[in-house]
Amino acid sequence: MQILGKKWNGLIIHYLSLCPNGTAHFSDIKRDLTDITPRALSQKLSELIEYELIEKKVKTGSSVSISYELTEKGRALTAALVPIQEWAQQYKKQ
């Protein structure tokens, strides 16, 4: 809960869980999470990498491509969050 209680962490993990293969580029995340600053996003991604919930993938070639992907630990966390999301939907204020 300490990890998820920090601003943006839960939302970033949830966002990646909705992406194909749990993978997205920095620009995709920034585009869809409009209220986060690039600096804050960079810090949060680094933090989630440190917690081993996501990993940074670098592909080289004619151009460098960097993406962020949920790890096995991150995917397990998203599965554990489903009952919490269901509870929140059931008891949200109407």
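Residues numbered from 1 in each chain as written. Predicted model: local features only at pLDDT ≥ 70, side-chain atom pairs only at ≥ 80, totals over all residues. Heavy atoms only, no water.

**Comments concerning the packing of aromatic side chains**
Evaluated as defined, the whole model comprises one aromatic pair. Between the aromatic rings of tryptophan 87 and tyrosine 91, the centroid separation amounts to 5.8 Å while the plane-to-plane angle is 45°, which identifies the pairing as tilted. Taken together, the positions of tryptophan 87 and tyrosine 91, both in helix H4 (residues 72-91) and four residues apart, correspond to about one turn of that helix. Given a relative accessible area of 55%, tryptophan 87 falls into the exposed group. Accessibility expressed as a relative area gives 54% for tyrosine 91, which makes it exposed. (Phe/Tyr/Trp six-rings, centres within 6.5 Å; stacked < 30°, edge-to-face > 60°. Helix = DSSP H or I, 4+ residues; strand = E, 2+ residues; numbered from the N terminus. Buried < 20%, exposed > 50% of the residue type's maximum accessible area, 1.4 Å probe, protein only.)

**Here we look at the nonpolar core**
Counting residues in each nonpolar core, the largest one holds 18 residues, and the members touching the most others are Ile12, Tyr15, Leu16, Ile29, Ile36, Leu45 and Ile54. For this core, the secondary structure elements donating two or more residues are helix H1 (9-18), helix H3 (38-50) and strand S3 (65-70). (Core = buried A, V, L, I, M, F, W, Y, C linked by side-chain atoms within 4.5 Å.)

**Focus on unusual backbone geometry**
With a phi close to 80°, tryptophan 8 is a non-glycine residue in the positive phi region. Assessed through its relative accessible area of 18%, tryptophan 8 is described here as buried.

**Observations concerning the packing of H1 against H3**
Taken N-terminus to C-terminus, the directions of H1 and H3 make an angle of 75°; their axes are 10 Å apart at the nearest point. Of the possible angle classes, the one that applies to H1 and H3 is roughly perpendicular. Every residue of H3 that contacts H1 at Asn9, Ile12 and Ile13 is listed here: Leu41, Lys44, Leu45, Glu47 and Leu48. For the contact of H1 with H3, the class distribution of residues is five nonpolar, one polar and two charged. (Axes fitted to C-alpha atoms, helices over the stretch in contact; angles between N-to-C directions. Parallel < 35°, antiparallel > 145°, perpendicular 65-115°, else oblique. Contact = heavy atoms within 4.5 Å. Nonpolar A, V, L, I, M, F, W, Y, C, P; charged D, E, K, R; others polar.)

**A look at the pairing of strand S2 (residues 54-59)**
Both S2 and S3 contribute to a ladder of six bridges, which runs antiparallel. Paired with lysine 59 across the two strands is serine 65, which belongs to S3. Following S2, the chain reverses through five residues before pairing antiparallel with S3. (Pairing = 2+ DSSP bridges.)

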